[in-house]
Every structure is written in structure tokens, then in C-alpha cells.
Amino acid sequence: DVKVTQSSRYLVKRTGEKVFLECVQDMDHENMFWYRQDPGLGLRLIYFSYDVKMKEKGDIPEGYSVSREKKERFSLILESASTNQTSMYLCASSRNPGLAGGADTQYFGPGTRLTVL
Amino acid sequence: GQQVMQIPQYQHVQEGEDFTTYCNSSTTLSNIQWYKQRPGGHPVFLIQLVKSGEVKKQKRLTFQFGEAKKNSSLHITATQTTDVGTYFCAKAAGNKLTFGGGTRVLVKP
């Protein structure tokens, strides 16, 4: 079974703090993703990575950065947390389907509920 | 904004009844994926549809891809309390997925 783990289930931080959210997957997947989930807005992609040290902006990258130094680990960084970043953060991973194209099934971690005071 | 629209946003269903949730796009889709998120849980993959007009079944769940590949539906028969959750459709764009806003299903016993 694919396993995607996230470093914390719940996190409370203060405005202006630097926040690190860690995600690890054990299936040797090429692709990793960070989403935030807010009521009524579904899942919105923040950043994704298709290889080590590679990253691409998603739909809402402002206020976030990412790091992928190893294939299994993808970190989301909030340089200076703000109250509007209070949300559920979900990490996911997937294989690269290669020549088959398309997007493969994504496997999600349990999520980190971040509260910024 | 969202490029995939899901309706309804909320669905209250009496246990034992059927219901359908819809996923619509203004552009032609290469494929569509459906996920289910239980309350307090994370999204879990249900199914992927690729071909025009494709219909796939998983027990009481029937998934359909429109002939024009611009919409999809999920029909649940004889709803049970275990069906509670939010159902998301997602369209593929390269290696990424764009998710709809989800349909949150509440079941009345």
C-alpha cells in the first residue's frame, strides 16, 4: 500500500512565524503535490514537483515556497505565516505515467490542519 | 477559479434513496477522476474515466463520462450512512489534477 505521511496533524503558529510542513511518501513516486483545502473551495494546488529539485507553481503559490531535496520528501514552507493561511494542507504523490500521458492516481496524506493566530 | 464545476454543493439524502452528483467542464476533458473524502479523512481515489460515454460501476456507485467528454456524473443507489462524505471530481492537466469544489453528501437515517 502507498503510504503518504505528513509531519503533523495539527499545528498552531503565530503571525509572522516561519512554518515547515513535511511530507514523505514511500512508493518511489516521481510527482508530489501540496494542496490547501478550504470549505466550498475544494482542493487548490499550491505547488507541485515532478522530480528532485524541480518545482512548479500551482494555482495559489503566493506566500508559499517548497523544497524537494530527496525523491521521497516534499516540504511546504510558509516564510511568514499569516492568518489567511489558516487551512487544511494536504500532500499527495503520484507516478509519472510517462508515454501513456495523463495524470495518474494521486495518493493523499492525512493532512495538517494549520491555525495561524 | 475552478475549471471544473460540481453540482450540487450539498446533497441531503434519505437513507435508501438514490441521488446523482454532476461534474461539468467548459472544455473537453482527456479523462476524469473521482475521489471520496470521509469526514475527518483525506481524499481517496475511486475511479478514472477515459473514454467518451464510458460507464463504470462499483457496487452501488455508477460513474459516467459524457459523450462529448465535458461532463461526468456519479449516481449512488440505495444510499447508506457509509456514503457520507465529500465527492470530488478532478480533471487531468499534464501530471496535475484540477479538482472541483466537491459535493458534500449528508445521509438522514
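The rules behind these values
In this convention, every chain numbers its residues from 1, walking through the sequence in written order. All chains are assigned letters beginning at A, and all ligands numbers beginning at 1, according to the order in which they are written. The predicted origin of the model limits local features to residues at a pLDDT of at least 70 and limits the giving and counting of side-chain atom pairs to 80 or more, whereas totals for whole chains, interfaces and linings rest on all residues. Side-chain calculation: all heavy atoms of the structure are included, whereas hydrogens and water are not. We count a salt bridge whenever a side-chain nitrogen from Lys or Arg sits within 4 Å of a carboxyl oxygen from Asp or Glu. Secondary structure elements are defined from DSSP: runs of H or I of at least 4 residues count as helices, runs of E of at least 2 residues count as strands, and each element is numbered from the N terminus. A 1.4 Å probe rolled over the protein chains alone gives each residue an accessible area, and that area as a share of the maximum for its type sets the label: buried under 20%, exposed over 50%, partly exposed in between. Here the rule is simple: two strands pair whenever DSSP picks up at least two bridges between them. Count a disulfide wherever a pair of cysteine sulfur atoms falls within 2.5 Å. Residues enter a nonpolar core if they are buried and are Ala, Val, Leu, Ile, Met, Phe, Trp, Tyr or Cys, with the set joined through side-chain atoms within 4.5 Å. Whether two residues touch is decided by their heavy atoms; if any such pair falls within 4.5 Å, the residues are in contact. Only the six-membered ring of Trp is used, alongside the rings of Phe and Tyr, when aromatic pairs are assigned; centres must lie within 6.5 Å, and planes under 30 degrees apart are stacked while those over 60 apart are edge-to-face, with the rest tilted. Only the stretch in contact is used when a helix axis is fitted, and all axes are lines through C-alpha atoms; the angle between N-to-C directions ranges over 0 to 180 degrees.

For this particular structure, what's the right way to read the pattern of salt bridges?
Should the charged atoms of two oppositely charged side chains come close, the side chains can pair. Residues and elements named next belong to chain A. Throughout the structure, instances matching the rule amount to nine salt bridges over all chains. Note that glutamate 22 is salt-bridged to arginine 73, the shortest N-O span being 4.0 Å. Taken together, the residues glutamate 22 in strand S3 (residues 19-25) and arginine 73 in strand S8 (residues 73-78) connect sequence positions 51 residues apart. Put simply, arginine 44 and aspartate 38 hold a salt bridge, and the shortest N to O gap is 2.8 Å. The class for aspartate 38 is buried, based on a relative accessible area of 12%.

Honestly, the pairing of strand S6 (residues 55-58) of chain B in this entry has me stumped. Any pointers?
Side-chain positions along a regular strand alternate between the two faces of the sheet. All names here are of chain B. Note that S6 and strand S7 (residues 61-65) share four bridges and pair antiparallel. Among the inter-strand pairings, glutamine 58 is bridged to a residue of S7, identified as leucine 61. In sequence, S6 turns back onto S7 through a hairpin of two residues, with lysine 59 there showing a positive phi of about 55 degrees.

Please explain the state of the cysteines as it appears in this structure.
Disulfide: a covalent bond formed between the sulfur atoms of two cysteine residues. On inspection of all chains with the given rule, the structure shows two disulfides over all chains. A disulfide bridge connects cysteine 23 of chain A with cysteine 91 of chain A, and the sulfur atoms are separated by 1.9 Å. Here the disulfide of cysteine 23 of chain A and cysteine 91 of chain A is left-handed, its torsion about the S-S bond being about -75 degrees. Here the residue cysteine 23 of chain A occupies a position in strand S3, and cysteine 91 of chain A occupies one in strand S9 (residues 87-94), the gap between them amounting to 68 residues. For the pair cysteine 23 of chain A and cysteine 91 of chain A, one class covers both residues: buried. Sulfur-sulfur distance for the disulfide between cysteine 23 of chain B and cysteine 89 of chain B comes to 2.0 Å. What sets the handedness of the cysteine 23 of chain B and cysteine 89 of chain B disulfide is the S-S torsion sign, and at about 80 degrees it is right-handed. You can see cysteine 23 of chain B sitting in strand S3 (residues 19-25) and its partner cysteine 89 of chain B sitting in strand S9 (residues 85-93), a full 66 residues away along the chain. For cysteine 23 of chain B, a relative accessible area of 1% corresponds to the buried category.

Sorry, what's going on with the nonpolar core here?
In terms of nonpolar packing, the biggest core is built from 20 residues, with Trp34, Ile46, Leu76, Leu78 and Tyr89 of chain A touching the most fellow members. Elements supplying a minimum of two residues to this core: S3, strand S4 (31-38), strand S5 (42-49), S8, S9 and strand S11 (112-116) of chain A. Aside from chain neighbours lying at most four places away, what touches leucine 76 of chain A is Val19, Phe20, Leu21, Trp34, Ile46, Tyr64, Ser65, Val66 and Tyr89 of chain A. In this structure, Val4, Cys23, Leu46 and Phe63 of chain B belong to the second largest nonpolar core, which totals 19 residues.

Explain the packing of aromatic side chains here, please?
Aromatic ring pairs: the centre-centre distance and the angle between the two ring planes describe each pair. All told, the structure shown has 11 aromatic pairs over all chains when counted by the stated rule. Taken together, Phe33, Tyr35, Phe48 and Phe108 of chain A together with Tyr35, Phe45, Phe88 and Phe99 of chain B form an aromatic cluster joined through their ring pairs.

Looking at this structure, I do not really get the sheet that holds strand S7 (residues 65-70) of chain A. What am I missing?
Adjacent strands of a sheet form backbone hydrogen bonds with each other and so pair up, either parallel or antiparallel. Residue and element names in this part refer to chain A. Spatial strand order, S1-S3-S8-S7: four strands in an open sheet with antiparallel pairing. Looking at the sheet topology across the chains shown, the edges are occupied by strand S1 (4-6) and S7. The sheet shows a mean angle of 20 degrees between the axes of neighbouring strands, taken without regard to direction.

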